[in-house]
Amino acid sequence: MSKVAVVTGAGQGIGFAIATRLYNDGFKVAIVDYNEETAKKAASTLGENAIALKADVSDREQVIAAIDAVIEKFGDLNVMVNNAGVAPTTPIETITPELFHKVYNINVGGILWGTQTATAAFRKLGHGGKIINATSQAGVVGNPNLMLYSSSKFAVRGMTQIAARDLAEEGITVNAYAPGIVKTPMMFDIAHQVGKNAGKDDEWGMNTFAKDIAMKRLSEPEDVANVVGFLASKDSDYITGQTIIVDGGMQFH
Ligand SMILES: NC(=O)c1ccc[n+]([C@@H]2O[C@H](COP(=O)([O-])OP(=O)(O)OC[C@H]3O[C@@H](n4cnc5c(N)ncnc54)[C@H](O)[C@@H]3O)[C@@H](O)[C@H]2O)c1
């Protein structure tokens, strides 16, 4: 029987590439996103073994309802990819309590509720599973202008290690992927802001990130999806608590 995967924030960008990869690897896939329109479009692009569910990952009740709906529809859950995240550019003086709560509720809270809910589901279903979290190269080394984002992604690596320790004996592995500079709407927004803050254009903004990539090319979403495909497969069964950096050679850690 096919395995079942949930990918949050899969209406576009890296999440959609991950959903596509897992679908092609034979998973039934649930696309969870707070943008219902893109989620539905993404699911219909994949085919009949994909469903779209609307949920805001920062809201615990909505995450629980989404996972319940997945199990109701597909009868199982094996892989939870906590991919949804937001990345506003935040020079220190611009940060407000509202922005702080927003970023942390999504980037950290979303990982927490996804981990908690998937763990409860695995226990109820009577088997282990795989939890895979989105961090970033900015969660490995602090990035300028990204106080909230970068620090929230450090937290994701910490949570990945903690959950890996807590859940290993139940057959649940917990790992993270740390992309570099990926060609998605999120990255184009960041490049635009960084360029604007410096009085320059979008290309200049993107180059501030791109110039330090050893391979001298930006990442395609599929570069990241390939690593998540591995983390979701049995080939990674003996790996837990790790962050795999997939950035073309930016951070060596
Ligand atoms: N693009 C990059 O260069 C890059 C680099 C490192 C890490 N990442 C991480 O990869 C993940 C995906 O990034 P992306 O570039 O594809 O972003 P993106 O902005 O292109 O797509 C993010 C998706 O998540 C959804 N989303 C956002 N907040 C949500 C919430 N609260 N609940 C449900 N859905 C929500 C959005 O609607 C969107 O569909 C993020 O966690 C991001 O931090 C991206």
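Just so we're clear, the structure is a prediction, and the values are computed from it rather than from any experiment. (Residues numbered from 1 in each chain as written. Predicted model: local features only at pLDDT ≥ 70, side-chain atom pairs only at ≥ 80, totals over all residues. Heavy atoms only, no water.)

Here the focus is the overall build of the protein chain. Regarding its fold elements, the protein chain presents 9 helices and 7 strands. For a compact globule of 253 residues, the expected C-alpha radius of gyration is about 18 Å, and the protein chain comes in at 17 Å, within 12% of that figure. With the C-alpha coordinates of the protein chain rotated into their principal frame, the extents come out at 55 × 35 × 35 Å. The contacts of the protein chain with a sequence gap of at least 6 include a subset with a gap of at least 24, amounting to 67%. Per element, the accessible surface of the protein chain, about 11900 Å² overall, is 53% carbon and sulfur. Across the protein chain, the centroid of the 22 positively charged side chains sits 2 Å from that of the 27 negatively charged ones. (Helix = DSSP H or I, 4+ residues; strand = E, 2+ residues; numbered from the N terminus. Rg over C-alpha atoms; globule rule 2.2 N^0.38 Å. Contact = heavy atoms within 4.5 Å. Areas by Shrake-Rupley, 256 points an atom, 1.4 Å probe, with all protein chains shown as cover. Lys, Arg positive; Asp, Glu negative; His and termini not counted. Charge placed at Lys NZ, Arg CZ, Asp CG, Glu CD.)

The next point concerns the pairing of strand 2 (residues 28-33). Here strand 2 lies mainly inside the structure; 6 of its 6 residues are buried. Side chains of strand 2 alternate between two faces, with Lys28, Ala30 and Val32 and Val29, Ile31 and Asp33 buried alike. Of the pairings in the sheet, the one linking strand 1 (residues 4-8) to strand 2 comprises 5 bridges and is parallel in character. Bridging from a neighbouring strand, Val7 pairs with Ile31 of strand 2. As a crossover connection, the stretch from strand 1 through helix 1 (residues 13-24) into strand 2 is right-handed. (Buried < 20%, exposed > 50% of the residue type's maximum accessible area, 1.4 Å probe, protein only. Pairing = 2+ DSSP bridges. Right-handed = clockwise from strand over helix to strand, strands pointing away.)

Once that is clear, we can look at the side chain of Thr184. Tracing the chain through its elements places Thr184 in the loop between strand 6 (172-179) and helix 7 (185-197). With relative accessibility at 7%, the residue Thr184 sits in the buried group. Leave out the neighbours within four places in its chain, and Thr184 touches Gly13, Ile14 and Pro221.

Quick look at helix 6 (residues 147-167) now. When the terminal C-alpha atoms of helix 6 are compared, their 30 Å separation across 21 residues agrees well with the 30 Å that a helix rising 1.5 Å per residue should span. Listed in full, the buried residues belonging to helix 6 are Leu148, Tyr149, Ser150, Ser152, Lys153, Val156, Arg157, Met159, Thr160, Ala163, Ala164 and Leu167. Tucked inside the fold, the buried residues of helix 6 contact helix 4 (97-107), helix 5 (109-125), strand 5 (129-134), strand 6, helix 7 and strand 7 (243-246). (Expected span 1.5 Å × (residues − 1).)

The local shell around the ligand holds 29 residues, among which Asp33, Asn83, Tyr149, Val182 and Thr184 are the closest. Between a nitrogen atom of the ligand and a side-chain N or O atom of Tyr34, the distance comes to 3.2 Å. Taking Gly180, its main chain carries an N or O atom lying 3.4 Å from an oxygen atom of the ligand. Mapped onto the shell around the ligand, the elements with two or more residues apiece are helix 1, helix 6 and helix 7. Per element, the largest residue contribution to the shell around the ligand is 3 residues, and it comes from helix 7. Tallied by class, residues from the shell around the ligand come to 15 nonpolar, 11 polar and 3 charged. (Near = heavy atom within 4 Å. Polar contact = N/O pair within 3.5 Å; in protein donor to acceptor, adjacent residues only side chain to side chain. Nonpolar A, V, L, I, M, F, W, Y, C, P; charged D, E, K, R; others polar.)

Given a rise of 1.5 Å per residue, 12 residues ought to cover 16 Å, and the 17 Å separating the end C-alpha atoms of helix 1 matches this to within 8%. For helix 1, the complete set of buried residues consists of Ile14, Gly15, Ala17, Ile18, Ala19, Leu22 and Tyr23. Directly beyond the C-terminal end of helix 1, a positive phi value near 105° is found at Gly26.

By the definition in use, this model includes 1 aromatic pair. Relative to Tyr104, the ring of Phe100 lies with its centre 5.0 Å away and its plane at 35°, an arrangement referred to as tilted. One end of the pair, Phe100, and the other, Tyr104, are both in helix 4, 4 residues apart, so they sit about a helical turn from each other. Arg157 extends its terminal NZ or CZ atom over the ring of Phe154, reaching a point 5.4 Å from the ring centre. (Phe/Tyr/Trp six-rings, centres within 6.5 Å; stacked < 30°, edge-to-face > 60°. Lys NZ or Arg CZ within 6 Å of the ring centre and 35° of its normal.)

All right, on to the nonpolar core then. Counting 30 residues, the largest nonpolar core has Ile18, Leu22, Ile31, Val81 and Tyr177 as its most contacted members. Elements with a minimum of two residues in this core: strand 1, helix 1, strand 2, helix 2 (36-46), strand 4 (79-82), strand 5 and helix 9 (221-232). If we ignore the near neighbours within four places in the chain, the residues touching Ile18 are Val7, Val81, Asn83, Tyr177, Ala225 and Val228. With 29 residues, the next largest nonpolar core counts Val32, Val57, Val70 and Val86 among its residues. (Core = buried A, V, L, I, M, F, W, Y, C linked by side-chain atoms within 4.5 Å.)

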